[in-house]
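Structural description and commentary
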Protein chains: 2
Amino acid sequence: MATSEDSLRRSLAEKQSSIESQGNTVRALKAANAEKATVDEAIEKLNALKLDKSVMEKQLQAAVNGNGPDGSINKEAFRQAVVNTLERRLFYIPSFKIYRGVAGLYDYGPPGCAVKSNVLSFWRQHFVLEENMLEVDCPCVTPEAVLKASGHVDKFTDLMVKDEKTGTCYRADHLLKDFCNEKIQKDLSISAEKAAELKHVLAMLDDLSAEELGAKIKEYGITAPDTKNPLSDPYPFNLMFQTSIGPSGLSPGYMRPETAQGIFVNFKDLYYYNGNKLPFAAAQIGQAFRNEISPRQGLLRVQNSKSLPNLQRKSSSGEAVSKGIVNNETLGYFIGRVYLFLTRLDCWDAEIESSYGWIECVGIADRSAYDLHAHTEKSGVPLVAHEKFSEPKEVEKLVIAPVKKELGLAFKGNQKKVVEALEAMNEKEALDMKASLETKGVVEFYVCTLGENVTIKKNMVSISKEKKKEHQRTFTPSVIEPSFGIGRIIYCLYEHSFYMRPSKAGDEQLNVFRFPPLVAPIKCTVFPLVQNQQYENVAKIISKSLTAAGISHKIDITGTSIGKRYARTDELGVPFAITVDSISSVTIRERDSKDQIRVDVEEAAPVMKSVTDGHRTWVDVWASFPHHSSGSAED
Amino acid sequence: MATSEDSLRRSLAEKQSSIESQGNTVRALKAANAEKATVDEAIEKLNALKLDKSVMEKQLQAAVNGNGPDGSINKEAFRQAVVNTLERRLFYIPSFKIYRGVAGLYDYGPPGCAVKSNVLSFWRQHFVLEENMLEVDCPCVTPEAVLKASGHVDKFTDLMVKDEKTGTCYRADHLLKDFCNEKIQKDLSISAEKAAELKHVLAMLDDLSAEELGAKIKEYGITAPDTKNPLSDPYPFNLMFQTSIGPSGLSPGYMRPETAQGIFVNFKDLYYYNGNKLPFAAAQIGQAFRNEISPRQGLLRVQNSKSLPNLQRKSSSGEAVSKGIVNNETLGYFIGRVYLFLTRLDCWDAEIESSYGWIECVGIADRSAYDLHAHTEKSGVPLVAHEKFSEPKEVEKLVIAPVKKELGLAFKGNQKKVVEALEAMNEKEALDMKASLETKGVVEFYVCTLGENVTIKKNMVSISKEKKKEHQRTFTPSVIEPSFGIGRIIYCLYEHSFYMRPSKAGDEQLNVFRFPPLVAPIKCTVFPLVQNQQYENVAKIISKSLTAAGISHKIDITGTSIGKRYARTDELGVPFAITVDSISSVTIRERDSKDQIRVDVEEAAPVMKSVTDGHRTWVDVWASFPHHSSGSAED
């Protein structure tokens, strides 16, 4: 697509110069009072060139919108169709909308809740139960110390710019991104080189520093979108919701920005629960909170911060297996499990292609020992694992033994700081000091807590290497952290499942979500074909057996035409419809093929059970029961 | 119990005065140099009285601790046993404990998460699916306007007192409660009347105003628990966690204090989703946040704020059925459904008796039209329902028609305010004005927006009653709101399920949670009787079929004695254990009876499936398979 766009831009530029040159020719011929036939021929050629150009412009526009050259529906229109259906059928509701809402916050309405609950149940089944993961559930309100240690208090920021007159804030990268996209998509006159430059900026967007972002904003003359006022330099804004724990106002806290920290701080207990064995996996399902301003990706963007399940595998880095390999094995293992999870949901990759482009829905991060180290250091509680050796090992250990009496005599009140500085030397520093003391008897030693050099004499410290037997080693395990944006996965599932098909009469487009039964908000509907007490009784009997089998379903006894009732539930993604058209047998219709089979009343619930819990496919069922032709019922 | 306590206090007081009088007798005899035998006899009588008193004191102590007169385990000790087991087996973990924690915040550890997930799934099945409720899922961060309308910004408070020297805060009612309980339980010398007074204060605690609380604290001389410093007067403290939405710092928000408001603000959409029909029920499962300080009820207290599912039935109050009756019907209906829910979990009531006394776990509130009215008023969006009349009704309506031309001539710039004031008159005011205008032709009329009287003449306004046909009525529906403290329910479930039984050797007490299979964190375990490759293979085959059947289970292939393995899993509340003791058949042991049956290997998973999903009871199964005697294996 990019190549085609690129060559179209080049052809368009050539066409434009042909038009200009042909225009000159026409003007020259007119000025020279050339024969009418000659002038007309030149004008005709000019018009043909202009026509070519307008066709090319349409092609280029289609290419940048991601459409095929046949002009098939573009991304923007497709997304709008999906979003309209999702909002009309209350999969999503703009939050607090009677109070004019909060930009980018959405509630899940009834079918949205059902889909979310199905996805989370399957997540728990696929990861927690089948993998014996250790699940935890921690509070959302988190004391500052925890998020200080994890680095979020200092570094969990977005770069913002302010409208210099009104004070309105914008995300610096969003403004730059909007500018580049707008230029590429709407300004068909820019050169292929300029387009390439702008695309490069888009690709680098996440890696730009505050200074680089500021420089680009200046270079492109980007101003505040609403007022066209100049913008401030980019500055960092912390994305955590701050609050205060308890009534004193003196205990700052935050709404957790991710679910992983709750797992890290519980490492010791989880390690114990796992019988002090590595590796193990822990998981947390829950919300993470990010104070993102003016989220611009509508449904996609916000759902990102609604639920961030999180699972972790703490992998041992034994001696026999190099750390790199273990991590790669763990990574590879998770990539496989994640792939299985997503394909069962009808998604295809951890980076999912949607109308917004490629979206990261599952990130698998190698956090190595970073977080466990950080919490060990700040809390003072060692978050470490032990590995017993099959037989004791002899190891050489550096022993630094300050002679406190001598140091006390020499440094008085400063003794403690000197002792600490001596003990904190690494192996090289200590061996250098040992060598100096042995050759010169004294050495100058910088004590940073004192901010000055002191003179250490030979009798003040003994440094030696000693052999010791060790029975185990103590180490900080490495962590692989896959994290799932369940909201994003659900949104992408909606886009992937959505399609439109003409009604039977061909006079309108009907919306369908082809949800797999696993995630469908309602598994089947029960429709008496016509309003009739006998049929309604049969529908109620079937409904009872569906409830007993745990199959979510809906009865619709309105007199609406059966075609309209099918269309209504297709739009909710209901995979099967049971239509009661006799008192002994009923039809079952599959949503996408619109094929129907006929089954006895008492077989309806068991058949539904087997096709919704995945024990049978529709193809199996289709092969086992008589087919039913809908005649004029459908649509 | 109270009566026995009361009579014990009276007897104790009598005994004390007998002791004093007998003491006087002894002293008098000694002073009178009475015969040694006489003195000895009097002393013996005194000692007997003292012995009686000490027995009575023990009885009274047992009575106030809630023990039987036989001295059976008291509440405090029972709770400690439950809590120790829950914390040791990681049902709960004190949150952020490596950072010295946050008083009263607990994480759910692995088995706790499984129980919570099972309870919530059942909740969703029992209420949302079986009752066709409309589920919503709203953000936790809520803009101020919503909670201002609901009254939470102004009234969601606890009364606090401050240590006047250190500034440490305490809940005023907690200090008073502690004082009363301590006095009743520890001070055996107080009179029955004083005990009754203190109990009355405890009963009234929730209804005391700030002034009354302050007065009692002064009267009893209650001081700060840690420092004994004097305390401030009680003042209100808002329990919501405040934060700020977006980067400007100008949009205050709160973490939602309850889940109900998210349903109220979505009323219009949910009513539409339900086909504009009443009644309907909506539900939300999610967390509510309360900034409660120093929660003192340990596990019970805090879990209260961890999850507050919420469901509502909006009931029509039609003309034919009086509002009261409809509400009572709805109430009665929910009480029934809630009762079924709790009994399935092994709890017995919406007020559940626990070691903390009677705890409200489910509240069913009649909120009438309060919240919908409040949000209508503050948002300006009418949250109302319509009821179509079967045939149009004729109603008499008051029509006030100000004559703007005349009013404009008379009042110039003030015309608009006068018009508004005229239109805002209620029926009585308007009819009074009509009468005055008809008799006198003019009337003095107070316009509050002007702050003065104006003179209204007959030609300035026409007031009449007109008959109109109405096709529907518009009204604000009433709401019944059951809300569930899932955390409290789970904690009470733990207490109700916990018991201790002696080990077979009788040398120790073993802990058991008798969870019903529905909520048990793990449904069964698979134990090869001895470490042996063949048995392990059988265990793996069974494990595979359990996974396929969706039954959560654990394999334990350690060589630990089978009795110890049973005891370990009894403590986790695992209802069934499959022990592999041959390659063709296995035993299944039920946790509470310790009875065992023998089944073929391939029958193990189907039997497990039927007893865990409730299709068969253990009694059924026990009747259908050969019994197995455990011999020396158990314990």
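Since the structure is predicted, the reported quantities are computational estimates derived from the model, not experimental observations.

1. A closer look at the UniProt feature "coiled-coil region" (unreviewed entry) in chain A
The sites that carry the UniProt feature "coiled-coil region" (unreviewed entry) are, in the present numbering, residues 29-59 of chain A. A distance of 32 Å separates the end C-alpha atoms of residues 29-59 of chain A, which is 87% helix and 0% strand.

2. Notes on the sheet that holds strand 8 (residues 242-244) of chain A
Residues and elements named next belong to chain A. The three strands are arranged 4-9-8 in an open sheet whose pairing can be described as antiparallel. Looking at which strands have only one partner, the edges of the open sheet turn out to be strand 4 (141-143) and strand 8. The sheet shows a mean angle of 45 degrees between the axes of neighbouring strands, taken without regard to direction. Looking at chain direction, strand 4 and strand 9 (residues 252-255) are connected through three bridges and run antiparallel. Each residue of the ladder has a partner; that of V141, found in strand 9, is M255.

3. Concerning the packing of aromatic side chains
Enumeration according to the criterion identifies 46 aromatic pairs over all chains in this entry. Note on F78(B) and F498(B): the rings are 6.0 Å apart at their centroids and 70 degrees apart in plane angle, and the pair reads as edge-to-face. On the criterion of sequence distance, the pair formed by F78(B) in helix 3 (residues 75-88) and F498(B) in strand 20 (residues 498-502) is long-range, its members being 420 residues apart. Connected via pairs of aromatic rings, a cluster forms that spans F78(A), F91(A), Y92(A), Y106(A), Y108(A), Y494(A), F498(A), F513(A) and F515(A). Seen from the ring of F475(A), R473(A) lies directly overhead, with NZ or CZ sitting 4.0 Å from the centre. Here R589(B) stacks its cationic end above the ring of Y566(B), 4.2 Å away from the centre of that ring.

4. Comments concerning the relation of the copies chain B and chain A
What relates the pair of chain copies is a rotation about an axis plus a shift along that axis. Under the fitted operation, chain B is carried onto chain A by 0.2 Å of movement along the axis and a turn of 180 degrees, and the coordinates agree to an RMSD of 0.9 Å. Both copies are brought into coincidence by an operation consistent with a two-fold rotation axis. The C-alpha atom lying nearest the rotation axis in chain B is that of T243(B); the distance is 2.3 Å.

5. Quick notes on unusual backbone geometry
Note that the residue after L278(A), namely P279(A), is joined by a cis bond; omega there is -10 degrees. Of note, P279(A) is situated in the loop between helix 11 (267-273) and strand 10 (280-284). Non-glycine residue K412(A) carries a positive phi angle of around 50 degrees. By the element assignment, K412(A) lies in the loop between helix 15 (404-411) and helix 16 (415-423). The exposure class assigned to K412(A) is exposed, which follows from its relative accessible area of 61%. With a phi angle near 55 degrees, N276(B) is a residue other than glycine that sits in the positive phi range. Note that N276(B) resides in the loop between helix 11 (267-273) and strand 10 (280-284).

6. Concerning the interface of chain B and chain A
By a widely used convention, the size of an interface equals the accessible area lost when the partners come together. On the side of chain A, 72 residues touch chain B, which itself brings 72 residues to the contact. For the pair chain B and chain A, the two sides together bury roughly 5,900 Å², of which 65% comes from carbon and sulfur. When the buried area of chain B at its contact with chain A is split by residue, I98(B), Y99(B) and Y273(B) rank highest and sum to 13% of it. The interface formed by chain B and chain A holds four salt bridges in total. The shortest N-O distance in the salt bridge between D269(A) and K97(B) comes to 2.8 Å. Summed over the shared surface of chain B and chain A, the result is 18 residue pairs in polar contact (both at pLDDT 80 or more). Element by element, the count of residues in the side of chain B that touches chain A is highest for helix 4 (residues 110-129) of chain B, at eight residues. Of the residues belonging to the side of chain B that touches chain A, the class tally is 39 nonpolar, 19 polar and 14 charged.

7. As for the pattern of salt bridges
Residues and elements named next belong to chain A. All chains considered together, the criterion is met by 70 salt bridges over all chains. Put simply, E130 and R337 hold a salt bridge, and the shortest N to O gap is 3.4 Å. Pair noted here: E130 is in the loop between helix 4 (110-129) and strand 3 (134-135) and R337 is in helix 13 (residues 323-344), with a separation of 207 residues, a long-range link. Residue class for E130 comes out partly exposed when judged on its relative accessible area of 37%. A cluster of three or more residues bridged by salt bridges with shared partners is formed by E258, R367, D371 and E481.

8. Considerations on the nonpolar core
The tendency in soluble globular proteins is for nonpolar side chains to be buried as a group. If you look at the biggest cluster of nonpolar residues, it comprises 105 residues, and the most contacted ones within it are F91(B), Y92(B), W123(B), F341(B), F484(B) and Y494(B). Element by element, the count of residues in this core is highest for helix 4 of chain B, at eight residues. By size, the runner-up hydrophobic cluster in this structure holds 43 residues, among which are Y108(A), F334(A), C361(A) and Y494(A).

9. Considerations on the confidence of the model for chain A
Detailed reading of predicted coordinates is not advised where the pLDDT is low. Summary statistics for chain A give a mean pLDDT of 86 and a share of 89% for residues scoring 70 or more. Per-residue pLDDT stays below 50 along residues 300-326 of chain A; that stretch engages in 119 contacts with residues further than four places along the chain or on separate chains.

10. Notes on the side chain of T587(A)
Residue and element names in this part refer to chain A. Counting through the fold element by element, T587 comes out in strand 25 (residues 585-590). Residue class for T587 comes out buried when judged on its relative accessible area of 2%. Reaching out from T587, the side chain makes a polar contact with the side chain of Q596 at a distance of 3.3 Å. Discounting chain neighbours no more than four positions away, the residues touching T587 are Y566, A577, I578, T579, D581, Q596, I597, R598 and H628.

11. Comments concerning the pairing of strand 20 (residues 498-502) of chain A
Residues and elements named next belong to chain A. Pairing geometry for strand 20 and strand 21 (residues 509-513), over five bridges, is antiparallel. Its bridge partner being in strand 21, F498 is matched across the sheet by F513. Once strand 20 ends, the chain turns through six residues before running back antiparallel as strand 21, passing G506 with a positive phi of about 80 degrees.

12. Comments concerning the environment of M460(B)
Residues and elements named next belong to chain B. Note on placement: M460 falls in the loop between strand 17 (452-457) and strand 18 (461-475). Taking the C-alpha atoms as reference points, M460 and G408, 52 residues apart in sequence, are found 9.5 Å from one another. Among all residues touching M460, those that are not within four sequence positions of it are P402, V403, E406, L407, A410, F411 and T455.

13. Section: the pairing of strand 9 of chain A
Strand direction decides the pairing type here: strand 8 of chain A and strand 9 of chain A, joined by three bridges, are antiparallel. Residue pairing across strands places S244(A) opposite P252(A), the latter belonging to strand 9 of chain A.

14. Concerning the sheet that holds strand 5 (residues 157-162) of chain B
All names here are of chain B. In space, the three strands of this open sheet follow the order 6-5-7, with antiparallel pairing throughout. Whereas interior strands pair on both sides, the edge strands pair on one side only; in this sheet they are strand 6 (169-171) and strand 7 (235-238). In this sheet, neighbouring strand axes are inclined to one another by 50 degrees on average, regardless of whether the strands run parallel or antiparallel. Each of strand 5 and strand 6 touches helix 7 (residues 172-186); the most contacted strand, strand 6, lies at about 65 degrees to it.

15. Digging into the packing of helix 15 of chain A against helix 16 of chain A
Residue and element names in this part refer to chain A. Helix 16 packs onto helix 15 with a crossing angle of 130 degrees between their chain directions and a minimal axis gap of 9 Å. Between helix 15 and helix 16, the angle is such that the two are oblique. Between helix 15 and helix 16 lies a crossing whose hand is right-handed. Only Q415, V418, V419 and L422 of helix 16 make contact with helix 15, whose side of the interface consists of K404, L407, G408 and F411. Taken together, the residues that form the contact of helix 15 with helix 16 break down as five nonpolar, two polar and one charged.

16. Describing a negative patch on the surface
A cluster of acidic side chains, namely D206(A), D207(A), E211(A) and E212(A), defines a negative patch on the protein surface. Tracing the chain through its elements places E211(A) in helix 9 (residues 210-219).

17. Some remarks on helix 9 of chain A
All names here are of chain A. All of the buried residues along helix 9 are L213, G214 and I217. All buried residues of helix 9 fall inside an arc of 100 degrees around its axis, so they share one side. Seen from the buried face of helix 9, the exposed residues on the opposite side, beyond 90 degrees, are E211, K218 and E219.

18. Observations concerning the environment of E211(B)
Judged by relative accessible area, E211(B) falls into the exposed class, the value being 60%. As for E211(B) and P234(B), which are separated by 23 residues in sequence, their C-alpha atoms are 7.5 Å apart.

19. Comments concerning the environment of G253(A)
Residues and elements named next belong to chain A. Within the secondary structure layout, G253 lies in strand 9. As a C-alpha pair, G253 and C140 span 113 residues in sequence and 10.0 Å in three-dimensional space. With sequence-adjacent residues up to four places away left out, G253 is seen in contact with T142, P143, E144, F241, Q242, T243, S244 and I245.

20. Re helix 17 (residues 427-440) of chain A
Residues spaced three or four apart along an α-helix point in a common direction, a consequence of the helix completing one turn every 3.6 residues. All names here are of chain A. An ideal rise of 1.5 Å per residue puts 20 Å on 14 residues; helix 17 measures up with 20 Å between its terminal C-alpha atoms. Along helix 17, the residues that are buried comprise A430, M433, S436 and L437. What you see down the axis of helix 17 is that its buried residues fit within an arc of 125 degrees, all on one side. Opposite the buried face of helix 17, at more than 90 degrees from it, the exposed residues are K428 and T439. Along its buried surface, helix 17 packs onto strand 15 (385-402), helix 16, strand 16 (442-447), strand 17 (452-457) and strand 18 (461-475).

The rules behind each value
Residues numbered from 1 in each chain as written. Chains lettered and ligands numbered in written order. Predicted model: local features only at pLDDT ≥ 70, side-chain atom pairs only at ≥ 80, totals over all residues. Heavy atoms only, no water. UniProt positions renumbered as here; feature names shortened; annotations may be inferred. Helix = DSSP H or I, 4+ residues; strand = E, 2+ residues; numbered from the N terminus. Pairing = 2+ DSSP bridges. Axes fitted to C-alpha atoms, helices over the stretch in contact; angles between N-to-C directions. Phe/Tyr/Trp six-rings, centres within 6.5 Å; stacked < 30°, edge-to-face > 60°. Lys NZ or Arg CZ within 6 Å of the ring centre and 35° of its normal. Least-squares fit on C-alpha atoms with pLDDT ≥ 70 in both. Buried < 20%, exposed > 50% of the residue type's maximum accessible area, 1.4 Å probe, protein only. Contact = heavy atoms within 4.5 Å. Buried area = accessible area lost by both parts, 1.4 Å probe. Salt bridge = Lys/Arg side-chain N within 4 Å of Asp/Glu carboxyl O. Polar contact = N/O pair within 3.5 Å; in protein donor to acceptor, adjacent residues only side chain to side chain. Nonpolar A, V, L, I, M, F, W, Y, C, P; charged D, E, K, R; others polar. Core = buried A, V, L, I, M, F, W, Y, C linked by side-chain atoms within 4.5 Å. pLDDT = per-residue confidence, 0-100. Parallel < 35°, antiparallel > 145°, perpendicular 65-115°, else oblique. Left-handed = near helix turned anticlockwise from the far one by under 90°. Patch = residues over 30% accessible without salt bridge, like charges linked within 9 Å, V, L, I, M, F, W, Y side chains within 5 Å. Areas by Shrake-Rupley, 256 points an atom, 1.4 Å probe, with all protein chains shown as cover. Lys, Arg positive; Asp, Glu negative; His and termini not counted. Charge placed at Lys NZ, Arg CZ, Asp CG, Glu CD. Arc of directions from axis to C-beta. Expected span 1.5 Å × (residues − 1).

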